[in-house]
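Read off the chains here:
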Amino acid sequence: MWIKQPYAQRLCLIIPIFRQPETRKYSTTKINCYNPQTIFGRDFMLLQTSSITNNNLHTFIAQQAEAQDAFTLLKELAAWLRQGGAKLAPQRVQTIISILQNDADLCSKMAHLLCDWLCTVRLYPLFISAGIFSREGFMKELAARGYERFNPAYKDMGDLRDAFAQIFADENDGQWLNAVAERKWLKLFSLIRRHTPQNDRDTAQRYMRSEGFYAIEMLSIWVAAEELEPDLIRLDKKLLDRDSPFVALKREVMLWVAARNENRDFDSSHLEVMLNQSRQQVETLRKKGTAEGAGSSLSVAHLLERLDQTLNRMTLLMRVFHPDVVAPRQVLFLASHLAQATANQHSLSWLWKRSVKMLSRSITQNTSSHGEHYITRNKKEYVQMLRSAAGGGVLIALMSLFKIHLGKNIDNHFWLGIAEGLNYGIGFAIIFMLGLTVATKQPAMTASRFAAAVERNEKGHVVNMKLAQLLVDVMRSQAAAVFGNVFVAFSLASIIALIYGWSHDFPLLNKAQVMYQVQSVNLWGATLWYAAIAGVWLFCSGIISGFFDNRCDYLNLRMRLRHHPVLKWLLPENIRSQFADYVHNNYGSIMGNLCFGMLLGMTGFVGHITGLPFDIRHVAFSSANVGYAGVSGALGWGMMIQLVCCVLAIGAVNLAVSFSITMWVALRSRESQVDSWWEIIKCVCRIAKERPLSLLLPLQLPPEPVSPSHKNDKTETAQ
């Protein structure tokens with residue numbers, strides 16, 4: 001036996017395992033504790049499996065009513081409904097309704113039991129916590145939720161928050177809750193309510209309203225306190241004003257709660273204005289946090305999401321408890337909302353998705369702002385791009401030669417990977433600092449720029465022709481950059497190999513090295529797969545650049561460097577300011593280039609130690625390698641043309657992979673989507689038919705839009 005049976009039985013009770021919702025199958029059968037795959041596999045779960053069936057449901061309800069155990073009643077019923085899933089949940093709720101309709105005495109006992117239990121537990125902790133992020137921040141909450149899975153906290157059944165956490169213990173409970181129609185839940189709730197004595201109903205209603213009002217007060221205090229958060233003040237200095245919307249809202253809420261407790265009339269129009277202004281303030285902070293130059297972080301995103309959740313919960317509670325008599329439908333809606341929020345709190349992925357949205361938007365916003373510089377829209381910009389790429393090709397040819405030298409002299413694969421990574425990274429950084437261009441670095445930037453341009457008109461459709469024109473501009477810019485890199489790198493490499501052969505009695509590369517370079521671009525092997533890996537690293541480099549740019553904005557690195565005490569002592573003010581501006585504006589790009597180089601260099605080492613097909617093929621370096629190999633091996637023109645075509649195929653894969661992944665991430669971060677790629681492709685085809693030369697050359701270009709200020713200048717001149 002793989003595990004002794006007594007120990008396996010204990011493990012079934014104490015080992016929590018992360019559950020996989022997509023593979024979970026609920027069953028009323030008992031878990032086999034002696035199967036190691038059941039204990040440690042995906043399907044193992046600590047959720048309670050109910051022994052309730054349609055035949056013994058009546059008996060079970062009667063037993064719990066007799067034992068005065070409301071919590072066990074609700075927990076077992078929830079487990080039974082969960083086992084049925086979304087498909088059987090409506091039918092099982094109808095079964096409960098039928099039993100209570102046919103046995104009025106049992107329904108009265110159950111109603112009295114639930115009403116008494118509700119009046120003995122604390123309600124407000126659930127009202128102010130379920131579905132609202134904690135104040136501790138994203139990382140601590142993520143760690144707390146993860147730790148909760150391994151070592152669950154003690155649950156106080158006198159607290160409705162802990163009771164709900166036990167009843168709705170699965171992150172997918174919202175599926176079967178939503179599968180039951182609202183009218184069916186309302187029918188069950190109304191049936192229980194009718195069989196509740198009037199005195200019990202009045203007592204429960206007073207208690208619920210009292211707890212609800214207290215929760216509203218606490219939430220308003222939370223909102224007012226957030227205006228002193230340094231991260232929010234950094235985004236909007238107006239929060240320091242004494243009459244900020246958050247503080248004014250707290251004052252109005254206190255007046256409203258006092259009036260409702262005394263059953264006095266209260267004009268809530270000003271309260272509604274303050275709620276709207278507070279929401280607008282949160283939206284303003286969110287926009288500033290995702291704007292270029294603002295800088296964001298997970299903590300800021302987490303805090304703004306918590307503010308939004310808090311305002312929404314306040315609105316919900318005020319709508320439910322505002323009337324003197326709480327409507328059953330409102331109570332049911334509140335209970336459903338809190339139940340689903342409690343279920344979501346068991347999910348780590350839900351927390352992650354809700355928190356990283358603003359941060360990812362801020363990062364891609366920084367990426368898209370850089371992407372604007374890589375798009376050419378006229379002949380002057382096209383020529384500048386061509387010159388810049390040609391200069392980059394010179395350095396790439398030299399970097400490729402140095403990489404060949406490293407391969408000859410370093411035998412250890414790890415140190416070779418480090419050396420090649422530094423060669424790539426430092427070389428890319430120097431190319432950037434000199435204002436030159438590496439062709440494949442552009443797609444990760446231009447894709448974010450394309451996503452930023454996804455606009456919607458009044459009917460909700462994407463402006464397809466505008467996006468198609470931007471796509472054509474991107475294609476033309478990429479063509480110029482690729483041609484500049486490939487042509488110059490190939491030509492210079494061939495010249496270097498030719499000069500080396502003339503000055504020595506042997507070629508730059510021997511026969512084995514020539515064959516290796518030829519095979520490395522052979523499309524019949526794994527070349528295109530390696531090119532796709534390089535495309536992924538290109539995407540990562542764009543995200544890394546955006547991350548560090550966002551970090552610079554968040555830390556206000558420019559002002560930190562300008563006023564750094566050591567730099568004040570070393571540099572005069574003018575030079576210090578220029579240095580601070582340069583580092584702030586280019587820190588992300590430099591770090592992105594360095595990290596991209598290390599990713600390229602270490603990929604081959606990872607493939608070597610794992611035996612997996614991991615390596616990279618980069619269009620610019622492949623073109624230089626082909627130049628060295630072609631001259632050293634005296635390859636014919638036919639072979640050279642074939643190898644150049646292979647290099648262009650590598651470049652196409654590099655560009656396509658990095659552009660598509662970045663596009664997907666940028667659109668998701670902006671919560672945007674392209675309605676029809678096919679329509680955009682048809683628009684591109686129309687442009688190609690009308691202006692074919694504009695796809696690759698700065699010819700047949702559309703007229704540039706004239707800015708309003710330029711128009712005004714022309715008008716004044718004419719007058």
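I will try to describe carefully the structure that is included in this document. (Residues numbered from 1 in each chain as written. Predicted model: local features only at pLDDT ≥ 70, side-chain atom pairs only at ≥ 80, totals over all residues. Heavy atoms only, no water.)

## Thoughts on the overall build of the protein
Right, on to step 1. The helix and strand inventory of the protein stands at 30 helices and zero strands.
Right, on to step 2. Counting every position in the protein, which comprises 719 residues, the buried fraction comes to 48%.
Right, on to step 3. Restricting to contacts in the protein with at least 6 residues of sequence separation, those with at least 24 account for 81%.
Right, on to step 4. Taken as a whole, the protein presents about 36,200 Å² of accessible surface, with 59% of it coming from carbon and sulfur. (Helix = DSSP H or I, 4+ residues; strand = E, 2+ residues; numbered from the N terminus. Buried < 20%, exposed > 50% of the residue type's maximum accessible area, 1.4 Å probe, protein only. Contact = heavy atoms within 4.5 Å. Areas by Shrake-Rupley, 256 points an atom, 1.4 Å probe, with all protein chains shown as cover.)

## Section: the side chain of Asn654
Right, on to step 1. Relative to the elements of secondary structure, Asn654 occurs in helix 28 (residues 637-669).
Right, on to step 2. Beyond its immediate stretch of four places on either side in the chain, Asn654 contacts Thr440, Ala531, Ala534, Gly535, Leu538, Arg617, His618 and Val619.

## Concerning the state of the cysteines
Right, on to step 1. Tallied over the full model, the rule gives zero disulfides.
Right, on to step 2. With no disulfide partner, Cys646 has as its closest neighbouring cysteine sulfur the one in Cys645, 7.0 Å distant.
Right, on to step 3. Look at Cys646 and you get buried, because its relative accessible area is 8%. (Disulfide = S-S within 2.5 Å.)

## Some words on the nonpolar core
Right, on to step 1. By size, the foremost hydrophobic cluster in this structure holds 83 residues, and its most contacted members are Leu100, Trp185, Leu249 and Phe321.
Right, on to step 2. The contact partners of Trp185, leaving out residues within four places of it in the chain, are Leu81, Val93, Trp176, Leu177, Val180 and Leu332.
Right, on to step 3. In this structure, Phe428, Ala481, Val514 and Leu600 belong to the second largest nonpolar core, which totals 48 residues. (Core = buried A, V, L, I, M, F, W, Y, C linked by side-chain atoms within 4.5 Å.)

## Some words on the environment of Leu177
Right, on to step 1. By secondary structure assignment, the location of Leu177 is in helix 9 (residues 173-179).
Right, on to step 2. A relative accessible area of 10% places Leu177 in the buried class.
Right, on to step 3. Separated by 95 residues in the primary sequence, Leu177 and Arg82 have C-alpha atoms spaced 8.8 Å apart.

## Description of the packing of aromatic side chains
Right, on to step 1. Enumeration over the complete set of coordinates arrives at 14 aromatic pairs.
Right, on to step 2. Consider the rings of Tyr124 and Tyr214, whose centres lie 4.8 Å apart with planes at 85°: the pair is edge-to-face. Of this pair, Tyr124 sits in helix 6 (residues 124-129) while Tyr214 sits in helix 11 (residues 198-225), and the two are 90 residues apart along the sequence.
Right, on to step 3. Tyr124 sits in the partly exposed class, given a relative accessible area of 25%.
Right, on to step 4. Taken together, the aromatic side chains of Tyr424, Phe428, Phe596 and Phe621 make up a single cluster linked through ring pairs.
Right, on to step 5. Directly above the aromatic system of Trp222 lies the positively charged group of Arg306, at a separation of 4.5 Å from the ring centroid. (Phe/Tyr/Trp six-rings, centres within 6.5 Å; stacked < 30°, edge-to-face > 60°. Lys NZ or Arg CZ within 6 Å of the ring centre and 35° of its normal.)

## Some words on the pattern of salt bridges
Right, on to step 1. Within the structure shown, the criterion is met by 11 salt bridges.
Right, on to step 2. A salt bridge links Asp105 to Lys109; the nearest nitrogen and oxygen atoms lie 3.6 Å apart. One end of the pair is Asp105 and the other is Lys109, both in helix 5 (residues 104-118) and four residues apart, which spans about a single turn.
Right, on to step 3. Lys109 gets classed as partly exposed once you look at its relative accessible area, which sits at 40%.
Right, on to step 4. In this structure, Arg122 and Asp159 form a salt bridge, with 4.0 Å as the shortest nitrogen-oxygen distance. Within this pair, whereas Arg122 is found in the loop between helix 5 and helix 6, its partner Asp159 is found in the loop between helix 7 (138-150) and helix 8 (160-167), the two being separated by 37 residues in sequence. (Salt bridge = Lys/Arg side-chain N within 4 Å of Asp/Glu carboxyl O.)

## Overview of a nonpolar patch on the surface
Right, on to step 1. The grouping of Leu422, Ile426, Ile430 and Leu434 at the surface amounts to a nonpolar patch, some 360 Å² of accessible area in total.
Right, on to step 2. Along the chain, Ile430 turns up in helix 19 (residues 413-433). (Patch = residues over 30% accessible without salt bridge, like charges linked within 9 Å, V, L, I, M, F, W, Y side chains within 5 Å.)

## Notes on unusual backbone geometry
Right, on to step 1. Phi at Asn263 takes a positive value of approximately 55°, unusual for a residue other than glycine.
Right, on to step 2. Mapped onto the elements of the fold, Asn263 is located in the loop between helix 13 (245-261) and helix 14 (269-290).
Right, on to step 3. Despite not being glycine, Ala634 has its phi angle at roughly 50°, a positive value.
Right, on to step 4. Secondary-structure assignment places Ala634 in the loop between helix 27 (619-632) and helix 28.
Right, on to step 5. With a relative accessible area of 67%, Ala634 lands in the exposed category.

## Topic: the side chain of Ser494
Right, on to step 1. With respect to the secondary-structure elements, Ser494 resides in helix 21 (residues 464-503).
Right, on to step 2. Looking at Ser494, the relative accessible area reads 15%, which means it is buried.
Right, on to step 3. Beyond its immediate stretch of four places on either side in the chain, Ser494 contacts Gly627 and Val631.

## Details of the packing of helix 3 (residues 57-67) against helix 4 (residues 70-102)
Right, on to step 1. The contact between helix 3 and helix 4 brings their axes to 12 Å, and the two run at 145°. Crossing geometry of helix 3 relative to helix 4 is assigned as left-handed. Taking contact as the criterion, the partners of Leu57, His58, Phe60, Ile61 and Gln64 in helix 3 are, on helix 4, Thr72, Leu73, Glu76, Leu77, Trp80, Thr95, Ile96 and Ile99.
Right, on to step 2. Grouping the constituent residues of the contact of helix 3 with helix 4 by class yields eight nonpolar, four polar and one charged. (Axes fitted to C-alpha atoms, helices over the stretch in contact; angles between N-to-C directions. Left-handed = near helix turned anticlockwise from the far one by under 90°. Nonpolar A, V, L, I, M, F, W, Y, C, P; charged D, E, K, R; others polar.)

## Some details on the packing of helix 3 against helix 5
Right, on to step 1. At their nearest, the axes of helix 3 and helix 5 sit 9 Å apart, and the two run at 45° to each other. With respect to each other, helix 3 and helix 5 are oriented oblique. Between helix 3 and helix 5 the crossing geometry is left-handed. For the pair helix 3 and helix 5, the contacting residues are His58, Ile61, Ala62, Gln64, Ala65 and Glu66 in the first and Leu106, Lys109, Met110 and Leu113 in the second.
Right, on to step 2. Residue composition of the contact of helix 3 with helix 5, grouped by class: six nonpolar, two polar and two charged. (Parallel < 35°, antiparallel > 145°, perpendicular 65-115°, else oblique.)

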